[in-house]
Amino acid sequence: MTSQRADQQRQWLDAQLHLLDRQVLDVAGVPIAVVDDLELADIPVGEDLPVGTPPPVITALLSGPVLGTRIFGGRPPESRLHRTPWTAVSDVGVVISLAIRGETTDLTWTERWVRDHVISRIPGGRNDPEREQKDSSASKRGSS
Amino acid sequence: MIITDLLGARVFGPDFLGFVSDVRFWLDTKSIGQPAQLYGIVVSPHARSSSLGYERSDVRSPSPIAALVRWRHRGSFLVRWEDIQRLDVGRINLRPGFTKVSSQLP
């Protein structure tokens, strides 16, 4: 009975089935990445594991350029993989939800760079449609 | 270590048993931010590719794909973390007297 209750409080995740290739959404629901790999806590490799060794845990979701390595084998250099710490994960379902904003991670640096260096230099590129909409609706309320 | 170092690894115990087709974790759902702990590895005797979850759930459709995937992954089983003796790159050794558990998802 106790083990049944414990099982009900557990969420089972198979890496390939539930985690890899899943879309990652930030706290605002904006898609920011796809899970390409998972980083595990240090596991002794190449030596016998003593009985009672605690199981490793997932420390981070990794995203990066893995198309080439998936086709031709190998693995991309660690410097090319972006880490999202597992502690930022708030829910695992059809998508993986984070409890942080995407702008605070390295995952969206290309979007931010294009926004700051390209889009913002186009005339009108600094306008924020959402803010303009809010301002216009506020002024309408004020006039009425 | 990253998870793709484990996926597809050959499993011995001491004879060849199969390939790691998936790695199972569990996490406590009582609160957010709980660590996902490794529970075990799913070993497939015949294929190292993903089984799409067919052999681990009650999904039966589309039936031709389900039948094909189930046949490719026939005899799959789960080995708990406690039964893993040694991890090498591309190779996993199991402890003597290891236990095969059903790979069905709870």
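Structure shown above.
Residues numbered from 1 in each chain as written. Chains lettered and ligands numbered in written order. Predicted model: local features only at pLDDT ≥ 70, side-chain atom pairs only at ≥ 80, totals over all residues.

Asker: Describe in detail the overall build of chain B, supporting the description with residues and values.
Answerer: Helix and strand counts for chain B come out as 2 helices and 6 strands. Compactness check: chain B gives a C-alpha radius of gyration of 14 Å against a globular reference of 13 Å for 106 residues, within 12% of the reference. In terms of its C-alpha atoms, chain B occupies a principal-axis envelope of roughly 40 × 35 × 25 Å. Counted over contacts in chain B with a minimum sequence separation of 6, partners at least 24 positions apart contribute 52%. (Helix = DSSP H or I, 4+ residues; strand = E, 2+ residues; numbered from the N terminus. Rg over C-alpha atoms; globule rule 2.2 N^0.38 Å. Contact = placed C-beta atoms within 7 Å.)

Asker: How would you summarise the interface of chain A and chain B if you had to cite specific residues and measurements?
Answerer: Counting residues at the interface gives 30 residues for chain A, matched by 33 residues for chain B. Looking at which element gives the most residues to the side of chain A that touches chain B, the answer is strand E1 (residues 10–14) of chain A, with 5 residues. With 5 bridges connecting them, E1(A) and strand E2 (residues 16–28) of chain B associate as antiparallel partners. Following the sheet pairing, Arg10(A) is matched in E2(B) by Asp28(B). (Pairing = 2+ DSSP bridges.)

Asker: Break down the sheet that holds strand E6 (residues 82–85) of chain A for me, with residues and values.
Answerer: All names here are of chain A. Overall, antiparallel pairing links the 3 strands, which are arranged E4-E5-E6 in an open sheet. If you trace the sheet from one side to the other, it starts and ends with strand E4 (37–40) and E6, each paired once. Ignoring which end each strand starts from, the neighbouring axes of this sheet average 35° apart. Both strand E5 (residues 58–63) and E6 contribute to a ladder of 4 bridges, which runs antiparallel. Counted as the bridge partner of Ser 63 is His 82 from E6. (Axes fitted to C-alpha atoms, helices over the stretch in contact; angles between N-to-C directions.)

Asker: Give me the lowdown on the sheet that holds strand E2 (residues 23–25) of chain A, citing residues and values where you can.
Answerer: Residues and elements named next belong to chain A. Pairing within the open sheet is mixed, and its 4 strands lie in the order E3-E2-E8-E7. Where the open sheet ends on each side, the last strands, each with one partner, are strand E3 (31–34) and strand E7 (89–92). Taken over all neighbouring pairs, the strand axes of this sheet differ in orientation by 25° on average, direction set aside. As paired strands, E2 and strand E8 (residues 96–98) are joined by 2 bridges and run parallel to one another. Within the sheet, the bridge partner assigned to Val 24 lies in E8 and is Ile 96.

Distances and angles like these do not, on their own, reveal function.
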